[in-house]
Amino acid sequence: MIYDREDSDSEVEEGSSFFAIPRPRDHPARQQQRSSAPVVKVESYDLGSDSGPELQSHPQRDSLTSFLVSKRRSLDWGERKDSLEGSYQSSRSSTPSSPREPRELSLPREDNAKDEFILVARPAMGRRVSDVASEWDTLGIAQSYDDVSSVSDSELAAVSGSETAKRESFENKQLYLMVARCVAYPFNAKHQLETSPPKLKLNMERFRQVCHVLQLCLDREPEAIRQEVILSHSETKCSRNEKFLNCLQWYIDNVMQRDDVISACHTGGFSIRELDAIFKVLATKHLSYTTPDRQLDSVVLQLWCSTFRKLVEQSSRSLPGSPNSPLSPSSSGTVLSQDRLYRLFQNVLKIRSIEHQVLYRACQLGNVEEQEAVARRELQKRKKLLEGEYSPRTGAKFGNRQMGEIFKEEQLKMVRQLTINLDQLSLSGTGLSFYPHRKKKVPDSGAGSITLTKHDLQLHMKAKVTIHDLTQLATEGKTHAIFCVFEMVDGSDPRRTQTVLPEYGSANFGEAGEFWTNSPLPQIKFTLRQESHGFLSGDKIIGKKVYTAMPTSTEVTDYVDLVRHDKDTTVIAKLKISVFLERPGNMRKCGFLNCAGDYILQQWKRRFFTLMQLSQYKFILCTYQPKDTHPRDNILLEGFTIDYVESAGVLEEAGFDADHQGSLFMLVSEAGRIYFGCRDDLERESWVQWIVRATGQSYQPTITKGGSAEEEKKATGASSGSYDLDRYGLSEVVNIDPATIDANKMFTKLFQKTLKYRLSEDVFSRGLFSPSQMYVMDEFCARYSVRDSFRHLTCLKTWLDFEEQGEPIWPVMLLSSFRFCQMHVGGMHPPERAVIVTEDEQSALIEISHRIEEFITRKITNFRTCFPFGCPKDDLKVTIKLFNLVATINHSGTSDHDNAPMKLLNITMERAALTNYKQVFGQLGVDPDEVTPLSMAKVFELAQYCVEFMYELHDFYWEDFTQVASMFVSHVEAFWSFFLVDIREAMQADSDTVTKLQLFHIINQYFSSQPTMKLGKFHHSFLELFTPVVVQYVEGLEADLRDDLIKSFMTESWMPVSGCCAAVEGALKAMASLKRFSVELAWPEDVFAAHMQKRVLSICTDRFQEAADYTVKQLKGLLSSVSVGMNFRIPPEVFSMLNTLVYLNAHVLEVCASHRAPEPSPSDMSVEEHLSSVLQSAVTIVIDTLCNPLASLLKKLAKYDPSDGIFATLKMLLPTSIPVSGYGNFVTSNLTGVSDHLVSTIFSNFLVNWYECQLHLVNQWLNKRLAFSLRAEQQQIISTLLKAIRESFGSYDLPSEQLESDSYLAIEDRLRIEKSRVDLLSVDKS
């Protein structure tokens, strides 16, 4: 912007990097020099930039050089430097209570110095002035420093620093006065209460205290914990629970010790609730692994969270701002009173209390009516400025003149709205009611007359009367019950107190009543009565009194002397009362004054006056007598001027016979004068100030000089504080016209300082103002017409500046303000709210949008650091929304502007993936840029870190990315792509298959648990990478299992074990491990998973069959190598083999069946049938072996068969013994072995088969001898064998159906027939 410095009163507008230091204004010669000073055009630029524009002319630069040279030559700078340092040290060492003010460091001035403006650059705080001087040289401000080379840096710094400090102090005071006027008389903004209590900021001190208490809990020190926090019984037990402590230990190691969490606490970006929210998520996850019962899970989770919350919240109770130490009033979220608001902004703007007191008195900030008048004058002046009497310097740029006129009309509309607001506030609650009554002429005392109705001046007030107690009661009323009646004199609605019995001449009533009256001087009648118990007698009046009340701002307590009657002055009792007559809103002031006029109220008399406001600019003085509801006389103040009266002699000169000892003032109009007398100067000052505001006169009355300085100071300085204003340098601040102040510049300064103060408070605000601070901001912007667009643009700039400095700012505020600015510049406001858009606003929005995009890009790239564990909640989500909005505006001119935001977000998230991968990689303690491939152990550790990071993303960040899920997937895929490179290099360099499979397990488990990532691009990449590893591992397991099975059977001792032999037990464990591997592998692809399952089942089936076949083979070999006789007993190895086969048959479906199929497959059935047949064949082999002795016995019994010839004789002669009893022992002994060693699953089947096999041999032997009869010996032996077999097997609880089988019945029938035949033969012989 280009500014012309045409006069001495002009100031540099906001945005310029220079300010002018004019010479004193009271010197005529200097004014002449000032008027002839050359005009310099200065273009604003930033001193902090690398380059800037050149000045249009150089005379000012030459004047600066000549000024410094003249000062250097005219003074001894060595002495000056010593004096400056001495004064500075003395000011530094002086205490705050010292009445001596610190000196201001500035260059001495010469009276004959050339009067011109000196342009002094404003350096940033903390910068060396030599650096600024070098920048001046670069920018062309100073051509050469040869003439001023002797001026040191410290001297130049003293000049610049002193002037900058002065200017800063002046602007702060000026700004504070503007804010104080907003606080004193707000008529635009409304208070807003916070919906939730403010949260404490978790600073480093509280963070350390929290860590200390949590560590005490882990160290199991209940006494130390009890000193820090107060826990309930259940919470105390929870704090000692092992699972809770494990979760707490993990929380401390992985959350509290994170650098990003510590950094957030250091900058104030965390509150205690954030720690609680993180713990709740982690506790929920921890309990989901340990507690399957959901109901119990929720109960335990609630107890854990409450315990942790108390540990955290109460841990810092002894620190400032803790729950037991209340927040400061400015940060507590409550509505502050005016005094607290003053104190708040004194702290914000660094205003001393004495300066506030001086301004408060001088500007009458406590006087509501004065502040209303000040606001009215401000609006009138601004309206004149806008209407063309003055040239407003708004600083706005427009493309054409028509736009400027529209902008001017917009400003006028704002002023008109402010005027309406002021009128509504000034007339609200006044009790005025303007109804269309019939008009009548009311004579006026001054300038003409005004048409009013009596209803326009009618008052309606509420009087509250309280009777406290009665004292000093006369003797006659001490023995009777008394009560008091109080009422208005007009007799409306009398009130009676309760009846009391006085004690020692005193009585306590303590009752109140309310009345409504239309008189400003109502009379209240108090009557003390004695209660009468007679039926016809009335209550006796003891005393009475009439009390006249006046409108007041507070309740007035007084004692009323009760007398018998009006003519008797004897006091019966004293009645203590309190009266509060509420002053109506349209009554600005009231009181008793002595008054007399030339043409009205011509008798000097004491009268009761009220100053009434009829409208915004209409005021009237009315006189009343007690009980009057309408004024007796009135003086319309329009056309009057008020002034002080020097002495009481004026009354005598005017012809009034009055001897007034107080202070006087008068009203002057064309009709004449009216004199008023007050008790003292203070009362007169109050009336004068009020009537000055009512008349609206520009002339300010002053005391006529003639008295002493002390009297003048007492008369004028007591209220205006001119002496204090001059002493503290506030005269210029008070006298400056608010309409000429650059409100935009002041608002910028106010917002910056308030935001800085807000961020320094203990409350967790992130820049969000408290309701009181926001209330003052709203009132400031409304009162001084700060446009909403400028306000939001200023807020955005300031918030971004603070964010770049590391201060946390709530992104919701950024989003809201940027949306407003976007709608404003884009013209998207409703027609009734349409406002003009300036070129500066357009350019500022473009600049801010680019800054926001760059800033958010950095935050999203480092979102894990900027938003630790997704906290504060929803901040990242709002930040992403703001980025979409900003990117849409910044890239609206591109060809693919619709997809530009998403593309930028995807690119940003890919950068974030690289940043996060480097952070995770750094946990290994290995340089991420190292070229050497990692070992599989390091890669496995890295995979664990990566999976933990991914679960952290899903647990804490997924909700923030729900609106842009593709961006989240882009980040995850980019992250895994970096890991895929490292894992490929490691797998090529290392052949550790087990570690590879463990690595695949944790990676595949993560991908399978995420619906958006399962069987995605990178999941397939990992599957392709690990497919050969899995196949190779399964093939190796198959070969190892086959070799181990063969070796085990070769060395098997077949010693009896529980269930099966050692070889088969080891093979089954290996097969179960192989199957468990196939299940836990959880290969997500169905085709390969089915193939792997089929392959594993095939391996298990083959091993089962091999084990069963080898067992039977061993069984045959063992039984074939032993001789079977009556002394034969089944070897234990045989039982172990049979048990092994039974065990294999029982576990065939468990190992060889598919875990996915609900029913056995045909292949599973074939394996089971094969094992069943193998088991049956083994049983048959054993039973056949056990039946060999019986077959041998039957073979010997065949010698008794009948035969012819010599062979029969020879068979009978052979010496053969048939051990029938030995066979019975054989059966019994082997049955005992079978019952002791054979498993119960096959025991009954084995007995039945053996029993049937023996009967089958006997029956078969008998069937071969059907052609001839058995000999008696044969019958006897067969019968004995049958009985022994039945008895042996019957003792094992075989069912009778199985014992008496067909074979058994056939043998019995044959033996019965043979016996019958023998009996018949014996009968025939006989």
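Above this text sits the structure in question.
Report follows, based on the coordinates. Quantities reported herein were computed from a predicted structural model and do not represent experimental measurements.

**A closer look at the overall build of the protein**
Along its length, the protein carries 44 helices and 22 strands. Per-residue burial for the protein yields a buried fraction of 47% across its 1326 residues. Here the analysis covers contacts within the protein between residues at least 6 apart in sequence; of these, 73% occur between residues at least 24 apart. With an accessible surface of roughly 66400 Å², the protein has 51% of that area assigned to carbon and sulfur atoms.

**Comments concerning the sheet that holds strand E18 (residues 619–624)**
Strand order in this open sheet of seven strands is E19-E18-E17-E16-E22-E21-E20, and the pairing throughout is antiparallel. Lying at the two open borders of the sheet, with one neighbouring strand each, are strand E19 (633–636) and strand E20 (641–645). For this sheet the average axis-to-axis angle between neighbouring strands, irrespective of direction, equals 35 degrees. Strand direction decides the pairing type here: strand E16 (residues 587–597) and strand E22 (residues 672–678), joined by four bridges, are antiparallel. Paired with Cys595 across the bridge in E22 is Phe676.

**Brief notes about the packing of aromatic side chains**
Within the structure shown, the criterion is met by 47 aromatic pairs. Measuring from centroid to centroid gives 5.1 Å for Tyr251 and Phe308, while their planes differ by 75 degrees, and the two rings are edge-to-face. On the criterion of sequence distance, the pair formed by Tyr251 in helix H9 (residues 242–256) and Phe308 in helix H12 (residues 294–313) is long-range, its members being 57 residues apart. Residue Tyr251 is classed as buried on the basis of its relative accessible area, which comes to 1%. Phe308 gets classed as buried once you look at its relative accessible area, which sits at 1%. Measuring from ring centre to ring centre gives 5.4 Å for Phe751 and Phe769, while their planes differ by 55 degrees; the resulting arrangement is tilted. Here Phe751, found in helix H22 (residues 743–759), pairs with Phe769, found in the loop between H22 and helix H23 (771–783); they are 18 residues apart in sequence, far enough to count as distant. On the accessibility criterion, Phe751 (3% relative accessible area) is buried. Judged by relative accessible area, Phe769 falls into the buried class, the value being 6%.

**Topic: helix H32 (residues 993–1009)**
When the terminal C-alpha atoms of H32 are compared, their 24 Å separation across 17 residues agrees well with the 24 Å that a helix rising 1.5 Å per residue should span. Of the residues making up H32, those classed as buried are Thr995, Lys996, Leu997, Leu999, Phe1000, Ile1002, Ile1003, Asn1004, Tyr1006 and Phe1007. Its buried side turned inward, H32 meets helix H30 (936–956), helix H31 (965–989), helix H33 (1017–1050) and helix H34 (1062–1081).

**Examining the environment of Phe869**
With respect to the helices, strands and loops of the structure, Phe869 is situated in the loop between helix H27 (863–866) and helix H28 (875–890). Judged by relative accessible area, which is 4%, Phe869 ranks as buried. Setting aside anything within four residues of it in sequence, one finds Phe869 in contact with Asn254, Val255, Arg258, Val261, Ile278, Glu952, Phe956 and Tyr957.

**Regarding the packing of helix H25 (residues 811–825) against H28**
Relative to each other, H25 and H28 sit at 25 degrees, their axes nearing to 9 Å. Judged on the interaxial angle alone, H28 and H25 are roughly parallel. The chirality of how H25 crosses H28 is left-handed. Residue-level inspection shows Pro811, Val812, Leu814, Leu815, Phe818, Arg819 and Gln822 of H25 in contact with H28, the latter providing Asp875, Val878, Thr879, Lys881, Leu882, Leu885, Val886 and Ile889. Broken down by class, the residue content of the contact of H25 with H28 amounts to ten nonpolar, two polar and three charged.

**A few points about helix H24 (residues 788–804)**
With 17 residues, H24 should cover 24 Å at 1.5 Å per step; its first-to-last C-alpha distance of 24 Å lies within 8% of that length. Downstream of H24 by one or two residues, Gly806 has phi in the positive range, about 100 degrees.

**Description of the pattern of salt bridges**
Using the criterion set out here, one finds 43 salt bridges in the structure. As a salt-bridge pair, Glu1273 and Arg1271 come within 3.7 Å of each other at their nearest N and O atoms. Residue Glu1273 is classed as partly exposed on the basis of its relative accessible area, which comes to 34%. Shared partners join several salt bridges into a network, and the residues in it are Arg167, Glu168, Glu171, Lys745, Lys749 and Lys753.

**Thoughts on the nonpolar core**
Core analysis: the biggest nonpolar cluster contains 256 residues, and Phe780, Trp976, Phe979, Ile983, Leu999 and Phe1246 have the highest contact counts within it. In terms of residue count, helix H38 (residues 1162–1197) provides more of this core than any other element does, 15 residues in total. Sequence-distant contacts of Phe780, that is, excluding residues within four places in its chain, are made with Leu175, Met178, Val179, Cys182, Ala743, Met746, Phe747, Leu750 and Val786. One finds Met461, Phe515, Ala573 and Leu575 within the second-largest nonpolar core, a separate group that totals 40 residues.

**Some remarks on the side chain of Ser669**
Its location among the elements puts Ser669 in strand E21 (residues 663–669). Of the residues examined, Ser669 reaches a relative accessible area of 12% and is grouped as buried. What Ser669 contacts, discounting residues up to four positions off in sequence, is Tyr599, Gly639 and Phe640.

**A short note on the packing of H33 against helix H35 (residues 1086–1120)**
Between H33 and H35, whose axes approach to 11 Å, the crossing angle comes to 5 degrees. Between H33 and H35, the angle is such that the two are roughly parallel. Residues Thr1027, Val1030, Val1031, Val1034, Glu1038, Leu1041, Arg1042, Leu1045, Phe1049 and Met1050 of H33 form the contact with H35, whose own contacting residues are Phe1088, Met1092, Arg1095, Ile1099, Arg1103, Glu1106, Ala1107, Tyr1110, Thr1111 and Gln1114. Looking at the contact of H33 with H35 residue by residue, the class counts come to twelve nonpolar, three polar and five charged.

**A few points about the environment of Asn1145**
Along the chain, the position of Asn1145 falls in helix H36 (residues 1132–1146). Along the primary structure Asn1145 and Leu1175 are separated by 30 residues, whereas in three dimensions their C-alpha atoms are 7.8 Å apart. Ignoring sequence-local partners within four residues, the contact set of Asn1145 consists of Glu1168, Leu1171, Ser1172 and Leu1175.

**Points about the environment of Trp1250**
Within the fold, Trp1250 resides in helix H41 (residues 1240–1263). The sequence separation of Trp1250 and Phe1289 amounts to 39 residues, and the corresponding C-alpha distance is 9.5 Å. When near neighbours in sequence (up to four residues on either side) are disregarded, Trp1250 contacts Ile1183, Leu1186, Cys1187, Phe1226, Val1227, Asn1230, Leu1231 and Phe1289.

**Quick notes on unusual backbone geometry**
With omega at -5 degrees, the peptide bond leading from Cys871 into Pro872 counts as cis. Here Pro872 shows up in the loop between H27 and H28. Even without a glycine there, the phi angle at Lys627 is positive, about 75 degrees. Relative to the elements of secondary structure, Lys627 occurs in the loop between E18 and E19. Using a relative accessible area of 48% as the deciding quantity, one classes Lys627 as partly exposed. Phi at Arg766 is positive, roughly 55 degrees, even though this residue is not glycine. By secondary structure assignment, the location of Arg766 is in the loop between H22 and H23.

Conventions we followed
Residues numbered from 1 in each chain as written. Predicted model: local features only at pLDDT ≥ 70, side-chain atom pairs only at ≥ 80, totals over all residues. Heavy atoms only, no water. Helix = DSSP H or I, 4+ residues; strand = E, 2+ residues; numbered from the N terminus. Buried < 20%, exposed > 50% of the residue type's maximum accessible area, 1.4 Å probe, protein only. Contact = heavy atoms within 4.5 Å. Areas by Shrake-Rupley, 256 points an atom, 1.4 Å probe, with all protein chains shown as cover. Pairing = 2+ DSSP bridges. Axes fitted to C-alpha atoms, helices over the stretch in contact; angles between N-to-C directions. Phe/Tyr/Trp six-rings, centres within 6.5 Å; stacked < 30°, edge-to-face > 60°. Expected span 1.5 Å × (residues − 1). Parallel < 35°, antiparallel > 145°, perpendicular 65-115°, else oblique. Left-handed = near helix turned anticlockwise from the far one by under 90°. Nonpolar A, V, L, I, M, F, W, Y, C, P; charged D, E, K, R; others polar. Salt bridge = Lys/Arg side-chain N within 4 Å of Asp/Glu carboxyl O. Core = buried A, V, L, I, M, F, W, Y, C linked by side-chain atoms within 4.5 Å.

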